[in-house]
Amino acid sequence: LSDRLSGILDKLTRRGALTEQDVSEAMREVRRALLEADVALDVVKDFVERVKEKAVGQEVVKSVAPGQMVIKIVHDELVETLGREPEPIDLAAAVPVVMMLVGLQGSGKTTTTAKIARRLQTRDKQKVLMASLDTRRPAAQEQLKILGEQTDVATLPIVEGEDPVTITKRAMDAARRGGYDVLMLDTAGRTHIDEELMAETAAIEKASTPHETLLVADALTGQDAVNLAQNFDECVKLTGIVLTRIDGDGRGGAALSMRAVTGKPIKLLGTGEKIDALEDFHPDRIANRILGMGDVVSLVEKAIENVEVEKAEAAAKKMRKGTFDLDDLSDQLEQMKKLGGMGGVLSMLPGIGKIKKQIDAANLDDSVLNRQQAIISSMTKKERKNPKVLNASRKKRVAAGSGTSVQEINKLVKMHRQMADMMKKVGKRGGLGGLFGGGG
Ligand code: GDP
Ligand code: MG
């Protein structure tokens with residue numbers, strides 16, 4: 001795939017805005033990548049359309065090919081669709097908080113139950129009780145009991161011949177009486193979705209009103225994931241998804257399909273058979289895996305960073321010429337915010353260490369920078385070009401307009417004057433030496 005793609009990328013090295021043709025060409029490859037990753041067809045179609053709309057007309061960052069730019073846009077949209085931020089298990093409810101795991105047979109419910117329980121108990125200091133409601137598979141309850149012994153998590157004693165709802169009620173009772181924080185219900189699956197399974201799952205939900213109901217699904221399920229998620233979502237109130245076997249060689253397309261269809265967050269990933277093989281879900285990692293183009297994405301991210309640096313360099317040049325006005329200062333403040341403080345223009349100048357320290361000491365955090373920008377944007381064009389015209393009444397007007405004070409404006413103007421003067425001197429002498437009493 002990468003070969004095919006780079007072929008296209010090589011062809012397209014023109015700069016400017018993305019045309020419909022750029023986008024269509026790149027999207028053909030993206031479409032293929034998504035289908036290869038086993039994303040459901042409908043989801044692919046929707047996704048591709050959405051990205052096309054967003055991408056056409058966007059500026060291509062210098063030194064990046066249009067196709068690469070599209071990949072970056074696709075990646076960002078994938079991350080967005082997958083949910084951007086990790087969403088943890090929610091335990092904010094009256095104890096015992098009930099968590100139910102549902103899914104098909106063999107998807108990893110029992111293993112995941114034990115994984116989550118152990119994590120809650122060791123990391124989050126929760127007292128956890130696990131109960132198996134699987135009366136279908138011989139030895140299923142025994143399996144959870146053994147896992148409980150291995151992980152030192154309590155399990156509900158097994159009583160032969162009970163039905164799932166009866167066990168649920170007994171488990172609720174035991175959790176309350178035993179002072180447990182969390183009760184985990186490991187349900188029975190089926191080889192495929194059927195009415196009986198849905199009815200049983202709904203009855204357990206009714207008897208236990210879980211705070212979290214997690215659908216456990218095999219990452220290798222691919223296309224079927226959509227049906228699965230949809231069916232369960234109609235039958236119980238899903239609060240999230242756990243994707244297992246992410247350690248397998250699937251590309252994780254099921255994550256995108258399930259999230260897109262149900263809108264439910266993917267909360268956790270199963271990454272192996274071992275009990276500690278459980279990870280929080282990171283949308284950007286899965287996005288890279290689905291797309292298989294992590295290299296292109298980081299390349300474009302670098303290029304975008306470089307553009308910021310180039311802007312900073314241009315501002316530094318202006319400073320050296322002494323034509324540094326308040327508009328330039330405002331740009332500079334923006335750079336400081338983006339580059340996290342003093343990474344911006346000043347660091348491009350030779351011998352800057354000492355000024356850097358002074359500015360760092362002035363504590364220019366984002367809120368200060370924002371206020372300074374507000375001041376500048378409340379000025380007229382003339383005032384920004386030539387701050388000398390700022391008399392008392394103009395300053396009052398600007399203070400009112402920006403919600404700041406005349407003192408703050410004075411401070412800003414002074415800072416600007418010092419910077420501009422200094423730059424002029426630097427420009428003439430070709431360095432900063434001597435500016436600070438010979439020490440700098
Ligand atoms: P259940 O029928 O849904 O309860 O599934 P089980 O928890 O019994 O798991 C079925 C099989 O999948 C077991 O052999 C597990 O060890 C294995 N398994 C579960 N989760 C993972 C995972 O994240 N990665 C891998 N490689 N195997 C897993
Ligand atoms: Mg099981």
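Residues numbered from 1 in each chain as written. Chains lettered and ligands numbered in written order. Predicted model: local features only at pLDDT ≥ 70, side-chain atom pairs only at ≥ 80, totals over all residues.

Caption draft 1: Structural view of the site of ligand 1. Near ligand 1 you find 17 residues, and of these Gly-108, Lys-109, Thr-110, Thr-111 and Gly-270 are the closest. Top contributing element to the shell around ligand 1 by residue count: helix α5 (residues 109-122), with 3 residues. Classifying every residue of the shell around ligand 1 by side-chain character gives 1 nonpolar, 12 polar and 4 charged. (Near = placed C-beta within 6 Å. Helix = DSSP H or I, 4+ residues; strand = E, 2+ residues; numbered from the N terminus. Nonpolar A, V, L, I, M, F, W, Y, C, P; charged D, E, K, R; others polar.)

Caption draft 2: Here's a closer look at the sheet that holds strand β3 (residues 154-155). Spatially, β3-β2-β4-β1-β5-β6-β7-β8 is the arrangement adopted by the 8 strands of the open sheet, whose pairing is mixed. Two strands in the sheet have a free side with no partner beyond their single neighbour: β3 and β8 (278-280). In this sheet, strand β4 (residues 182-186) lies alongside strand β2 (residues 128-132) in parallel orientation, the contact comprising 5 bridges. Within β4, the position partnered with Val-128 by the bridge is Val-182. (Pairing = 2+ DSSP bridges.)

Caption draft 3: Examining the nonpolar core more closely. Ranked by size, the top nonpolar core spans 89 residues in total, and within it Val-70, Leu-183, Leu-185 and Leu-243 carry the most contacts. For this core, the element with the most residues is helix α4 (residues 66-82), which contributes 7 residues. Each of domain 1 (2-82) and domain 2 (97-283) contributes no fewer than three residues to this core. Within the second largest apolar cluster, 9 residues are counted, among which are Leu-326, Met-379, Val-398 and Leu-412. (Core = buried A, V, L, I, M, F, W, Y, C linked by C-beta atoms within 7 Å. Buried ≥ 20, exposed ≤ 12 C-beta atoms within 10 Å, placed from the backbone. Domains from an automatic or database assignment.)

Caption draft 4: Region of interest: the pairing of strand β1 (residues 97-102). Most of β1 sits out of view: 6 of its 6 residues are buried. A two-sided burial pattern is seen for β1, the buried positions comprising Val-97, Met-99 and Leu-101 on one face and Val-98, Met-100 and Val-102 on the other. Both β1 and β4 contribute to a ladder of 5 bridges, which runs parallel. If you follow Met-100 over to β4, its bridge partner there is Leu-185. Looking at chain direction, β1 and strand β5 (residues 212-218) are connected through 4 bridges and run parallel. Paired with Leu-101 across the strands is Leu-214, a residue of β5.

These values are about where atoms sit, not about what they do.
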